[in-house]
Amino acid sequence: MNPDLRALYPWVKFSRERLFAWAEALPDGVYTLERPDFAYGSLRNVQAHIADCYVAWVARRGLDLTDTAFVDTSAVPDVAAMREVYAGVDALMERAFDQFTTPDEVFDLLWRDQVLQVTQRWLVMHPVTHEFHHKGQLLTMGRVMGHPYPPGPDTDLGSPGDVMAAPSPT
């Protein structure tokens with residue numbers, strides 16, 4: 001794949017790491033607290049849904065790894081376990097960066113009984129933008145539960161110096 005998408009992904013991981021650090025600082029039980037008024041029910045479940053998006057689009061459809069499992073939230077009791085899930089997501093993305101050699105070539109993809117015209121670039125960007133959409137949802141859920149993200153560096157993309165200097169969390 002051309003280097004721009006590979007270069008983008010460390011920014012995604014840096015931003016995700018800030019969210020993980022916040023989630024680790026939450027009181028016990030808040031991360032997995034099920035609330036019927038929240039989409040997906042809990043902070044953990046939203047992060048599992050995001051990981052599943054990477055699995056669905058990058059692994060299963062893009063890399064044809066049809067046996068790649070979706071997240072079993074019963075096996076994810078805390079943020080540390082979710083970090084392990086995302087280590088797998090990161091490995092999928094690295095594999096895609098190595099194997100997606102025609103990022104802008106349009107092809108047909110069957111999805112929910114309809115044919116979508118997509119590219120390998122789209123298969124990478126869809127879960128990335130999906131993750132950022134749900135990041136806002138996670139932060140709103142935290143505020144509603146009385147645990148807002150603290151003042152300081154926000155969860156948007158870090159500065160280039162911060163991102164390039166940060167050790168890889170996975």
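Everything that follows concerns the structure shown earlier in this document.
Thresholds, definitions, all that
Throughout this document, residue positions are counted from 1 along each chain, in the order its sequence is written. Only residues with pLDDT of at least 70 get local features here, since the model is predicted, and only at 80 or more are side-chain atom pairs given and counted; chain-wide, interface and lining totals rely on the full set of residues. By convention in this description, side-chain values take in all heavy atoms of the structure and omit both hydrogens and water. A pocket here means an open set of points on a 1 Å grid, computed over the protein atoms alone, that has protein on both sides within 12 Å along at least five of seven lines. A cavity is instead a set of points where a 1.4 Å probe fits but cannot get out; residues with an atom within 4 Å of a point line either one. Grid points are joined across faces, edges and corners, and a volume is the space filled by probe spheres set on the points. Each helix corresponds to a stretch of at least 4 residues labelled H or I by DSSP, and each strand to a stretch of at least 2 residues labelled E; elements are numbered beginning at the N terminus. Residues are grouped as follows: Ala, Val, Leu, Ile, Met, Phe, Trp, Tyr, Cys and Pro are nonpolar; Asp, Glu, Lys and Arg are charged; all remaining types, including Gly, are polar. Between 30 and 60 degrees the pair is tilted, below 30 it is stacked and above 60 it is edge-to-face, where a pair is any two Phe, Tyr or Trp rings, Trp via its six-membered ring, whose centres lie within 6.5 Å. Three exposure classes are used, based on accessible area relative to the maximum for each residue type with a 1.4 Å probe and protein chains only: buried under 20%, partly exposed in between, and exposed over 50%.

Further remarks concern empty space enclosed by the protein. The full count for this structure, using the stated rule, is one cavity of 30 Å³ or more. Taken as a whole, the largest cavity spans an internal volume of roughly 80 Å³. Along its surface, the largest cavity is lined by Val12, Ser15, Arg16, Leu19, Gln47, Ile50, Tyr86, Glu131, Phe132, Lys135 and Leu138. Looking at the lining of the largest cavity, the elements with two or more residues in it are α1 (3–24), α2 (43–62) and α4 (120–144). Its residues assigned to classes, the lining of the largest cavity shows six nonpolar, two polar and three charged.

This brings us to the packing of aromatic side chains. Summed over all chains, the structure comprises five aromatic pairs. Note on Tyr9 and Phe97: the rings are 5.9 Å apart at their centroids and 65° apart in plane angle, and the pair reads as edge-to-face. Taken together, the residues span a long stretch of sequence, with Tyr9 in helix α1 and Phe97 in helix α3 (residues 79–99) at a distance of 88 residues. Both residues of the pair, Tyr9 and Phe97, belong to the buried class. Between Phe20 and Tyr86, the ring centres sit 5.6 Å apart and the planes meet at 70°, which makes this aromatic pair edge-to-face. Taken as a pair, Phe20 in helix α1 and Tyr86 in helix α3 lie far apart in primary sequence, 66 residues in all. One exposure class covers both Phe20 and Tyr86, and it is buried.

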